[in-house]
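# Descriptive structure summary
The residues making up each chain are set out below.
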Amino acid sequence: MSVQTEWWRTATIYQIYPKSFCDSGSKGTGDIQGIISKLGYLKLLGTDAIWLTPVYESPMVDNGYDISDYYAINPDFGTMADFDELLEKAHQNGIRIIMDIVVNHTSTAHKWFQSALGDKNSPYRDYYIWKDPVDGREPNNWASKFGGNAWELDEATNQYYLHLFAKEQADLNWENPQVREEVKHIIDFWAEKGVDGFRLDVINLISKQQDFTDDESGDGRRFYTDGPRVHEYLQEISEAVFQKYGSVTVGEMSSTTLEHCQQYSANDGKELSMVFNFHHLKVDYSNGEKWTKAPFDFIQLKQIFNKWQTGLNGKGWGALFWCNHDQPRVVSRLGDDQQYRVESAKMLAASVHMMQGTPYIYQGEEIGMTNPHYTDISQYRDVESTNMYDIMVNHDGVSKEDMLAILAQKSRDNSRTPMQWNTEEHAGFTQGQPWLEVARNYPEINAAHAVDDPDSVFYFYQKLIQLRKAIPVITSGEYIDLLPEHKQLFCYARRDEKQTLLCLNNYYSEEVEYSVPPTFSMEKAQCLLSNYDVAESGNTLSLRPYETRIYLIEEC
Ligand code: GLC
C-alpha cells in the first residue's frame, strides 16, 4: 500500500480507559456497554478509531495490564457478546477498534504461570524467565519499574522469576519459540474477529540480553530496552499476523532511541505502523527522575520535538500525544488549569496536532479535564503510586507532604479519574460509588457543557481532526522549528512544494510579540484556527496568553 493511502496517516485515534470511561450501571467502574452508549459522542468528535486499553480477564493489580486470559473479557467490563456488539456498532459508525496487547508479561494468575510456579518440569516453566539465586539473593540488581528489585523468589523451586513491572506481572521468555507462537495465536484470534489494529504494550522490552548481569551504572534497562532480538521478533509477528490482516499497529516504546524507532516504524511495513516514544514527557523530570516535583524545561521540549519530527520524516511514523492513562493531564502539566484552562488546552492541542504523525486523544482531554489535585494517600489507587509512596516515605525518608505534592503532579491516577460527562452526581459516570474519586471541577468541566458550547475545547479538537484530513501538508510536510531558543513561544512551520502551514503558540501567560520571518508571505496567509479572535494581518503579530494560531499559505 502506498504511503499516502494508509488510513491511519490522516486519522485521529481516541484512547479509552474503560474502567474510568462510563459505567452503564452502578458498579462504580466503567464497562463495554458504557462505551457503546457513547459512540455517538465519539463520532461527533470525529474519532477514526478507538484504542481500548485492556479489557481481558485480569486480577486488575495493574488495571488490566496483568492479563490472566487473553481470550476472555473481564466480567467487570461485560461479556464477549458485549465486545462483539461494540465492534459491530463502532464499525457501523465508521470507527475502528484497536486492542491493547500486553505480551511482555502475563499476570501471575495466568494458567501458564500457575502451572510453571513451583514446578521445574511444567511444560510452561520455560514460558517465563527463571534464574538461580546468586550468593543467596536476587540474580542481579535490575529494578522493577514499579519500585524494588525486579526478581521474585519461587520458594518451592528456589528460583527467581523476572518481573519488570509489579511482582504479579511475570515477564514472558520470548527466546522460547512456543511463546512467540502463543502471541501470534492471541493476535490472530482478535484480528479474525475483525479488530482493526493493535497497540503493543512496552513492546521494546521483550528481548533481554541473556547473560542477566548486574548493571553497574543503572537499573538494568540498558540490558533489555530495544534488546538484541527485538526487531527479529517484531518482524516475525508482523509477517505472521499484522501483514496478513492489514492491521494498524502502534508500539509503546519505553526509553527508546530515534534510530530504533526509524526501524520499528519504517515505511516498508515490516515491523509496526508507528511508535509511541515518551522523551517529550520527561521534560518535567529532575535529572531523569520521575518522582520529583519539577517545572518543565520548555527549550528541551522543543528540541525533542525537533529531533523526532525531522528524524522520522520520510523514514518512520510517530504517534502524537500529550496524555494517556499513565500521564498526568496536560493542561495541569504544561498549561494553566485555572484562569487559562480553555485557552491553554486548545493551544496544547494545536501544537501537537499540527505535527507529522497520528494524533491520539485520551478520554477527557477533548474537554480540557485537569488533574484532580488529591491531597491524601487514601485517594490513590494506582499500584505504581502506592508502591512509590511506601518506598519513598517509609524507606527513603521523604516527608508525607512532599510525597503527596509529588503524587499530585506525577501520579498515573491524575488521568484515571472518571470521565466527566455532566453535572449529575459523580459527573454522570456511574449511578454507584466511583472506584476513584471524580475531580471536583466536574460541574464546570464536563462533556455535556462542552457539546453545548460552540467555543469549547471539544469543538477545537473536532476542527483539528478535520484539518488533518483536509490539508495534506499536515501529513506530509517537513518540520521547521522557527524559534528553538525562544523562552516563551513555540512556533514551527510545515512545508511541502504546494503549501506552508504555520503553527504559532504562546506557552505562557504574558503577551508577546513575534515577527514572522519575511520568507513567509503573511499577506497570503489564511488563519485556519485560533483560540482567540484574530483581526491583525502582516508579519508582526502579538500572541496573547496561551494563544495559538494556525495559518495556511498556498504557494501558487
Ligand atoms: C505500559 C502501560 C502501563 C502498564 C505497563 C505495564 O506502560 O501503559 O499502564 O502499567 O505498561 O504493563
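Residues numbered from 1 in each chain as written. Predicted model: local features only at pLDDT ≥ 70, side-chain atom pairs only at ≥ 80, totals over all residues. Heavy atoms only, no water.

### Topic: the sheet that holds strand β20 (residues 526–530)
In space, the five strands of this open sheet follow the order β16-β17-β18-β22-β20, with antiparallel pairing throughout. At either end of the open sheet lies a strand with only one pairing partner, and these are β16 (478–481) and β20. Here the strands of the sheet are splayed against their neighbours by 20° on average, with no regard to which way each runs. Across seven bridges, the pairing between strand β18 (residues 499–506) and strand β22 (residues 548–554) is antiparallel. Bridging across to β22, Gln 499 finds its partner in Glu 554. Contacting β16 and β17 (489–495), helix α8 (residues 298–312) runs over the sheet at an angle of about 155° to β16. Against the sheet, helix α15 (residues 457–470) touches β20 and β22, its axis set at about 140° to β20. (Pairing = 2+ DSSP bridges. Helix = DSSP H or I, 4+ residues; strand = E, 2+ residues; numbered from the N terminus. Axes fitted to C-alpha atoms, helices over the stretch in contact; angles between N-to-C directions. Contact = heavy atoms within 4.5 Å.)

### Points about the domain arrangement of the protein chain
When cut into domains, the protein chain gives domain 1 (7–106 + 177–464), domain 2 (111–170) and domain 3 (475–554). In this structure, domain 2 and domain 3 have C-alpha centres spaced 54 Å apart. (Domains from an automatic or database assignment.)

### Some words on the sheet that holds strand β14 (residues 319–320)
The parallel open sheet is built from eight strands, whose spatial order is β13-β12-β11-β5-β2-β1-β15-β14. Looking at the sheet topology across the chains shown, the edges are occupied by β13 (274–276) and β14. Looking at chain direction, strand β11 (residues 197–200) and strand β12 (residues 248–252) are connected through four bridges and run parallel. If you follow Arg 199 over to β12, its bridge partner there is Val 250.

### Considering the site of the ligand
In the vicinity of the ligand there are 14 residues, among which Asp 62, Asp 201, Glu 252, His 325 and Asp 326 approach most closely. Asp 62 places a side-chain nitrogen or oxygen 2.5 Å from an oxygen atom of the ligand. Between the ligand and Glu 252, the relevant distance is 2.9 Å, taken from an oxygen atom to a side-chain nitrogen or oxygen of the residue. When the ligand is considered free in solution it has 310 Å² of accessible area, and contact with the protein chains removes 96% of it. Among the domains, domain 1 (7–106 + 177–464) and domain 2 (111–170) are the pair contributing at least three residues each to the shell around the ligand. (Near = heavy atom within 4 Å. Polar contact = N/O pair within 3.5 Å; in protein donor to acceptor, adjacent residues only side chain to side chain. Areas by Shrake-Rupley, 256 points an atom, 1.4 Å probe, with all protein chains shown as cover.)

### Quick look at the pattern of salt bridges
Enumeration according to the criterion identifies 32 salt bridges in this entry. With a shortest N-O distance of 2.8 Å, Glu 85 and Lys 89 are connected by a salt bridge. Residue Glu 85 and its partner Lys 89 are both found in helix α3 (residues 80–92); the two are separated by four residues, about one turn of the helix. Between Lys 167 and Glu 168 there is a salt bridge whose closest N-O contact spans 3.1 Å. For Lys 167, a relative accessible area of 38% translates into the label partly exposed. (Salt bridge = Lys/Arg side-chain N within 4 Å of Asp/Glu carboxyl O. Buried < 20%, exposed > 50% of the residue type's maximum accessible area, 1.4 Å probe, protein only.)

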